[in-house]
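# Coordinates in review
Residues per chain are reported as follows:
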Amino acid sequence: MIHHILNKNYLVEVLPPKQDSENLEADLKKFCTRYRKVIDSGYCVCITDNTMGNLSFQGTEIIEEFQLSVLPKQVMIHLNTFHRKDDLDNILTTCHQKEIEYILVITGDGSPRLPKLRPEDVNFTNIDSITSVELLSYIHREYPGSFCLGVAFNPYEPEEHELEKMARKIKAGAKFIITQPIIGRNKVLDKLINRYPQIPVIVEAWMSKNINLLSQAVGYEIGLKEEYDPIANLKLLHKLYPGCGFYLSLLGFKTQYDLLKDTWI
Amino acid sequence: MKIVVCIKQVPATNEAKIDPETKRIIREGVKAILNPFDTYALEEGIQLREKFGGEVIALSMGPPKAEQILREALALGVNRAILLSDRNFAGSDTWATSYVLAQAIKRIGQVDLVICGKQAIDGDTAQVGPGIAAHLGWEQATYVMAVEELSSSCIRVKRMHEDGYDICKISLPALITVVKDVNIPRVPTLKGWLFSLKQDIPVWKPEDIKAVKTKIGLNGSPTMVVKIEPPPPRQTRTKRIEGTARECALSLLRELRSRNII
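A quick note: this is a predicted structure, and the numbers were derived from the prediction, not measured.

Now for the packing of helix α3 (residues 94–108) of chain B against helix α4 (residues 128–136) of chain B. Residue and element names in this part refer to chain B. The contact between α3 and α4 brings their axes to 8 Å, and the two run at 55 degrees. Between α3 and α4, the crossing angle belongs to the class labelled oblique. In the packing of α3 onto α4, the handedness of the crossing is right-handed. Within the contact between the two elements, α3 uses Thr 94, Trp 95, Thr 97, Ser 98, Tyr 99, Leu 101, Ala 102 and Ile 105 and α4 uses Val 128, Gly 131, Ile 132, His 135 and Leu 136.

Moving on to the interface of chain A and chain B. Where interface size is given, it is often the accessible area lost as the parts come together that is meant. With 14 residues of chain A in contact, the opposing surface of chain B contributes 12 residues. At the level of elements, α3 (59–65) and α6 (159–171) of chain A are the ones that each hand at least two residues to the side of chain A that touches chain B. Broken down by element, the residue count for the side of chain A that touches chain B peaks at 3 residues, all from α3(A).

Turning to unusual backbone geometry, a few remarks are in order. Looking along the chain, the bond that leaves Leu172(B) and enters Pro173(B) is cis, with omega of 0 degrees. Position of Pro173(B) relative to the elements: it lies in the loop between β9 (164–171) and β10 (174–178). Even without glycine at this site, Gln67(A) takes up a positive phi of about 50 degrees. Structurally, Gln67(A) is set in the loop between α3 and β3 (75–79). The backbone phi angle of Tyr143(B) is positive, close to 50 degrees, even though this residue is not glycine. Here Tyr143(B) is to be found in strand β7 (residues 139–150). The exposure class of Tyr143(B) is buried, given the 22 C-beta atoms found within 10 Å.

In this section: the sheet that holds strand β8 (residues 245–249) of chain A. In sheet architecture, strand pairing relies on hydrogen bonds along the backbone and comes in two forms, parallel and antiparallel. Residue and element names in this part refer to chain A. Here we have 8 strands rolled up into a closed barrel, ordered β1-β2-β3-β4-β5-β6-β7-β8, and parallel in their pairing. Taken over all neighbouring pairs, the strand axes of this sheet differ in orientation by 25 degrees on average, direction set aside. Note that strand β4 (residues 102–105) and strand β5 (residues 148–153) share 4 bridges and pair parallel. When the bridges of β5 are listed, Tyr 102 appears paired with Cys 148. Most of the contacts of helix α9 (residues 230–240) go to strand β7 (residues 201–206), to which it runs at about 160 degrees, and overall it touches β7 and β8.

To continue, consider the sheet that holds β7(B). Residues and elements named next belong to chain B. The strand order across the open sheet formed by 9 strands is β9-β8-β7-β10-β6-β1-β4-β5-β11, and the pairing between neighbours is mixed. The strands lining the two open edges of the sheet, one partner per strand, are β9 and β11 (203–204). Bridge count between strand β6 (residues 113–117) and β10: 5 bridges; the pairing is parallel. Directly across from Ile 115, in β10, lies its bridge partner Ile 176. Sheet strands in contact with helix α2 (residues 67–76) are β4 (55–61) and β5 (80–84), and its direction is about 165 degrees off that of β5. Docked against the sheet, α3 engages β1 (2–6), β4, β5, β6 and β11, running at close to 145 degrees with respect to β4.

Reading the values: the criteria
Residues numbered from 1 in each chain as written. Chains lettered and ligands numbered in written order. Predicted model: local features only at pLDDT ≥ 70, side-chain atom pairs only at ≥ 80, totals over all residues. Axes fitted to C-alpha atoms, helices over the stretch in contact; angles between N-to-C directions. Helix = DSSP H or I, 4+ residues; strand = E, 2+ residues; numbered from the N terminus. Parallel < 35°, antiparallel > 145°, perpendicular 65-115°, else oblique. Left-handed = near helix turned anticlockwise from the far one by under 90°. Contact = placed C-beta atoms within 7 Å. Buried ≥ 20, exposed ≤ 12 C-beta atoms within 10 Å, placed from the backbone. Pairing = 2+ DSSP bridges.

Here's what the structure looks like:
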């Protein structure tokens, strides 16, 4: 991940189509266009995994079906704990075969259609529920040296608890950290950076103007006095966190993408 | 082994609204999904085919848009899908619905096993599965939590009870309804969806299944809905506890004690 920071390469989130899409072919086409655009820019494309429990297609199956190119250091997939064991192994095997190096391991959100991994699926017997920590351990054990695994950091959770969880994630083998969306200076993020100077931290920048949606996503009311300007916030984050990488969520491909080249100077 | 799985499209919400005039669920403007219990029935059918060979057919009665859940069944891996859709089917209660499905199963022919989810989340009656077996005159086992054995002549299943389970063996052809414990349903793949979009789904009318008109729709429905209304909304409030882990734990403890929960 240090490569992305040194080379000023953004990590750009691309959402795969939902399974209940009313126009699947058009949505798949849009996904592929965006994927190629990010790759062509030299950035890293980041594909989510059933965000907020919405059943969507896996990045790996779209990459396979449409033979999308996987360039070194330019593809990251999210992987959460809501999979059947055989589906989890399929995803990991495909990543390995396609040489997808980066995986963001998260606990994730479930839904009635998304079964949670059971402790016995990943060879744990003394716990009730699987989190990103156990999933990290499983991937390291079953696919040693195959992937560079990252984890999420949520500064909106109680600080003590979140930092304690992070310690367990690092111990389980996390090699980089991606935050929840940050708006301006964040004291908890500062603590995280100071605590783990050797681990690359990627700051998520919320690129939508819809702050209510962000509040829903992080489960914490983010009240702002002024109208939110995503590009201004991204520029501010560059100033505040010059040693970090940047992950762009909900980026406007038509309105914002071309502005990016002048943002990280 | 020829297996038919009966599935239903239901509103994707627990806050279903009811038309005060007709006493029926308002489906317009509400997203429709495959009945969650039916995903277990489909999975069981597909797993049995994977183990014993044969064919799995998804069958649904509903409006034309119910074709969507049949495509989902095809994406999951059933061999073919059939939609029962006609104006004359509208208004069918569980008895008339199970009659229509039974007639369709007769028309398919040579069926060994019918699998249904234990109930649909909209009506919550759990009557259609047993109704189909009654119309067909077949043996049935409800609330199945595991299929333990299947041969060309019989099936042995584990049935869930409130205080345990029983094991029963019934002769084929038979019908079973399954509960959530029976398996972990797969999710459709992209390949599966792309395949399903290219498949033809035949639409059967009453005459295709030799259904007697007096036994279908409102005419064939002995149920009289006298009154139906949604339960009062739950009064829930969220309270956020702030502070260090110790402070939060103490606040939570006080809160739970004050409500006599602990």
